[in-house]
Amino acid sequence: MDLELDGKRAIVTGGSKGIGLAVARGLAGEGVDVVLAARSAGPLEAAAAAVAAETGRRVLAVPTDTGDDDQVRELVRRTVAELGGVDILVNAAATPWSAGAPAGLADTTDEIVRREVEIKVLGYLRTARAVAPYLVEQRWGRIVNISGLGARQANSVAQTIRNISVSALTKNLADELGPSGVNVTVVHPGLTRTERLTDRLTVDAEKSGRAIAGLEAEVARNTLRRVIDASEVADVVTFLASPRSIAITGDAIAAGGGVPGPVYY
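Just so you know, these numbers come straight off a predicted model, no measurement behind them.

K.L.:
So, the packing of helix H1 (residues 18–29) against helix H8 (residues 230–240): which residues are in play, and what are the values?
P.N.:
Closest axis-to-axis distance for the H1/H8 pair is 8 Å, and the angle between their directions is 55 degrees. Taken together, the axes of H1 and H8 lie oblique to each other. The element H1 and its partner H8 pack so that their crossing is right-handed. Contacts between H1 and H8 pair Gly18, Ile19, Ala22, Val23, Gly26 and Leu27 from the former with Ala230, Ser231, Val233, Ala234, Val237 and Thr238 from the latter. A breakdown of the residues in the contact of H1 with H8 according to their chemical character gives eight nonpolar, four polar and no charged.

Encoded structure:
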């Protein structure tokens, strides 16, 4: 299937590693010129250089803290100035959720919730607000928000709040921007093989003397009973960012290998 992405221009936040970097590779592999945004300049520039070398596309690094509205607006301004416009926004910038973070009511402080919402919710709002006028003006665009299957599990107050909030933001944007030719979707990854997971399992393997593959199999509790790779989540996002995804907007797409048991409809 030709995804009809050749020549499109994208911004990917959280693009220096993990799912964001995998999405940048997926888009660039389909002919998209990409601007990568993340806070740390060194890793970001290395990631941009690697994707450019692999795909032959123009890939720019623009260090950006999406917690700062001025920096977000400068990110979009530079994208438009250097690429001639913008067609796609993929929001993947978020502070990693820690399995050891407080989950219950008594231990969930205001500051914990503020921290979770600041980047993953308000950061997504800032980037969408800055990009949307360009998409509306050209009567075409795609916004894909990366959230997480934590939106469907009540195992942490702050984690559930931040992920559900991304879904609520997505639906509001989709309804408002849809008449202008802009589709907005949210992708819920589950446990995903990224650098962070690999590093964690490597440490566990060294401590236990067990193979990483065995440890990974134990934590894979999805329907497929294997961990989904970041590149496989990126495949879903790349399709949603394409003109071929016209029939999908405002909805959540789970990309975690299946959740056993519940029926979602």
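K.L.:
Tell me about the side chain of Asn91, and name the residues and values.
P.N.:
Looking at where Asn91 falls in the secondary structure, it is placed in strand E4 (residues 88–91). Here Asn145 takes part through its side chain, which lies 2.9 Å from a polar atom of the side chain of Asn91. Non-local contacts of Asn91, meaning those with residues more than four positions away in its chain, are made with Thr13, Tyr124, Thr127, Ile143, Val144, Asn145 and Ile146.

K.L.:
Help me get a handle on the nonpolar core, residues and values and all.
P.N.:
Counting 63 residues, the largest nonpolar core has Leu27, Val34, Leu36, Val90 and Ile146 as its most contacted members. The contact partners of Val90, leaving out residues within four places of it in the chain, are Ile11, Val12, Thr13, Val23, Leu27, Val144, Ile146 and Val237. Within the second largest apolar cluster, seven residues are counted, among which are Ala205, Leu215, Val219 and Val227.

Procedures and definitions
Residues numbered from 1 in each chain as written. Predicted model: local features only at pLDDT ≥ 70, side-chain atom pairs only at ≥ 80, totals over all residues. Heavy atoms only, no water. Axes fitted to C-alpha atoms, helices over the stretch in contact; angles between N-to-C directions. Helix = DSSP H or I, 4+ residues; strand = E, 2+ residues; numbered from the N terminus. Parallel < 35°, antiparallel > 145°, perpendicular 65-115°, else oblique. Left-handed = near helix turned anticlockwise from the far one by under 90°. Contact = heavy atoms within 4.5 Å. Nonpolar A, V, L, I, M, F, W, Y, C, P; charged D, E, K, R; others polar. Polar contact = N/O pair within 3.5 Å; in protein donor to acceptor, adjacent residues only side chain to side chain. Core = buried A, V, L, I, M, F, W, Y, C linked by side-chain atoms within 4.5 Å. Buried < 20%, exposed > 50% of the residue type's maximum accessible area, 1.4 Å probe, protein only.

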